[in-house]
Amino acid sequence: MAQAKPDSAGSSAAEFRPRGRPPVRSDDETKRIILEAARHAFAGDGYAATSTEELARSAGISTKTLYRLFPGKAALFEAMCADRLERLLSAVDLQGSDEVDIETGLRAALLACTDLTLDPEVVALQRMVLQESAAFPELAANFYRNGISRTVAALAGWLRVQVKKKRIVLDDVDEVAGMLIGMVASAPQRAAIYGGMALPSRKQIERRVKTCAALFLNGCRAA
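This section reports on the structure supplied with the text. These numbers come from a predicted model, not from an experiment.

Overview of the environment of S51
No. 1: Summarising the element assignment, S51 is placed in the loop between α2 (27-45) and α3 (52-59).
No. 2: Taking the C-alpha atoms as reference points, S51 and A41, 10 residues apart in sequence, are found 8.6 Å from one another.
No. 3: Reaching out from S51, the side chain makes a polar contact with the side chain of E53 at a distance of 3.1 Å.
No. 4: One polar contact links the side chain of S51 to the main-chain amide nitrogen of E54, over a distance of 3.1 Å.

Some words on the pattern of salt bridges
No. 1: This structure, assessed with the given rule, holds 10 salt bridges.
No. 2: Between R202 and E206 there is a salt bridge, and its shortest N-O distance comes to 3.5 Å. Here R202 pairs with E206, and both are found in helix α10 (residues 202-220), just four residues apart, close to one helical turn.
No. 3: Here the salt bridges do not stand alone but share partners, grouping E36, R39 and E121 into one network.

Quick look at helix α8 (residues 137-164)
No. 1: Over its 28 residues, α8 runs 39 Å from end to end, which matches the ideal 40 Å to within 8%, given 1.5 Å per residue.
No. 2: Residue Y144 marks the point of greatest curvature in α8, where the axis turns by about 40°.
No. 3: With its phi angle positive at about 60°, K166 sits one or two positions after the end of α8.

Focus: the environment of P188
No. 1: Looking at where P188 falls in the secondary structure, it is placed in helix α9 (residues 173-195).
No. 2: Of the residues examined, P188 reaches a relative accessible area of 12% and is grouped as buried.
No. 3: Linking P188 and A198, residues 10 residues apart in sequence, is a C-alpha distance of 8.6 Å.
No. 4: Those residues in contact with P188 that sit more than four places away from it in its chain are L118, L199, P200 and R208.

Let's talk about the nonpolar core
No. 1: L106, L155, L159, I168, L170, L180 and F216 are the most contacted members of the largest nonpolar core, which totals 28 residues.
No. 2: Listed by contribution, the elements that provide at least two residues to this core are α6 (102-117), α8, α9 and α10.
No. 3: Every residue in contact with L106, bar those within four places of it in the chain, is listed here: W158, L180, A213, F216 and L217.
No. 4: Membership of the second largest hydrophobic core comes to 23 residues, among which are I34, Y47, A59 and F77.

A few points about the layout of surface pockets
No. 1: In this model, the largest pocket occupies a volume close to 240 Å³.
No. 2: Surrounding the largest pocket, 16 residues form its lining, T117, Q126, I148, I181 and Q189 being those nearest its centre.
No. 3: Elements that contribute at least two residues to the lining of the largest pocket include exactly α6, α7 (120-132), α8 and α9.
No. 4: By residue number, the principal contributor to the lining of the largest pocket is α9, which donates six residues.
No. 5: The residue inventory of the lining of the largest pocket, partitioned by class, reads eight nonpolar, eight polar and no charged.

About the thresholds
- Residues numbered from 1 in each chain as written.
- Predicted model: local features only at pLDDT ≥ 70, side-chain atom pairs only at ≥ 80, totals over all residues.
- Heavy atoms only, no water.
- Helix = DSSP H or I, 4+ residues; strand = E, 2+ residues; numbered from the N terminus.
- Polar contact = N/O pair within 3.5 Å; in protein donor to acceptor, adjacent residues only side chain to side chain.
- Salt bridge = Lys/Arg side-chain N within 4 Å of Asp/Glu carboxyl O.
- Expected span 1.5 Å × (residues − 1).
- Bend = angle between axes of the 7 residues up to and from the residue.
- Buried < 20%, exposed > 50% of the residue type's maximum accessible area, 1.4 Å probe, protein only.
- Contact = heavy atoms within 4.5 Å.
- Core = buried A, V, L, I, M, F, W, Y, C linked by side-chain atoms within 4.5 Å.
- 1 Å grid on protein atoms, 1.4 Å probe; cavity = no way out; pocket = protein on both sides within 12 Å on 5 of 7 lines; lining within 4 Å.
- Points joined across faces, edges and corners; volume = space filled by probe spheres on them.
- Nonpolar A, V, L, I, M, F, W, Y, C, P; charged D, E, K, R; others polar.

Okay, here's the thing in structure tokens:
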């Protein structure tokens with residue numbers, strides 16, 4: 001039996017498949033893929049053991065392209081920290097509101113900062129920084145600048161709004177912001193990093209935030 005010839009409408013897709021190179025990926029997209037791979041590699045393997053060649057392979061690019069986008073491993077680590085914290089901070093709304101009382105607002109602000117500080121990947125990165133900072137001192141400076149300082153600055157901005165609205169009285173807003181984050185997050189963070197303890201549950205974090213907010217406001221609430 002003769003085989004029917006396909007007409008133009010029934011022709012295979014292969015006959016019309018465009019030829020040539022696949023679309024070129026943009027630098028921004030390539031950076032995003034590299035940073036995602038670096039985030040897992042640094043947290044899991046550590047800084048020294050992370051290979052830029054392996055990261056390049058994971059991103060489907062050459063090592064030359066990786067070094068064009070990130071001049072070295074230190075620059076890649078700094079960019080990765082900044083990117084991770086930028087994503088977390090973008091989800092944090094610490095704007096003051098007249099619709100809630102000061103204690104409710106403070107709890108919300110502290111909870112947002114604690115979620116950031118006790119994020120499992122952030123804690124894993126901090127553990128790695130502490131382990132390798134003696135050999136790579138720039139790691140600690142980068143993590144402090146892109147992580148700790150920015151979180152404190154976000155809370156200081158919220159406190160500054162409350163002072164302006166005469167809800168609380170503070171002399172040094174930036175110093176107090178650091179104290180508050182230390183009070184609410186430092187102990188559980190140290191327990192996880194140095195003691196191998198599990199990070200607190202959501203309910204435990206909320207209870208700690210409530211206690212810290214009450215302790216703080218009883219000391220500086222405006223009359």
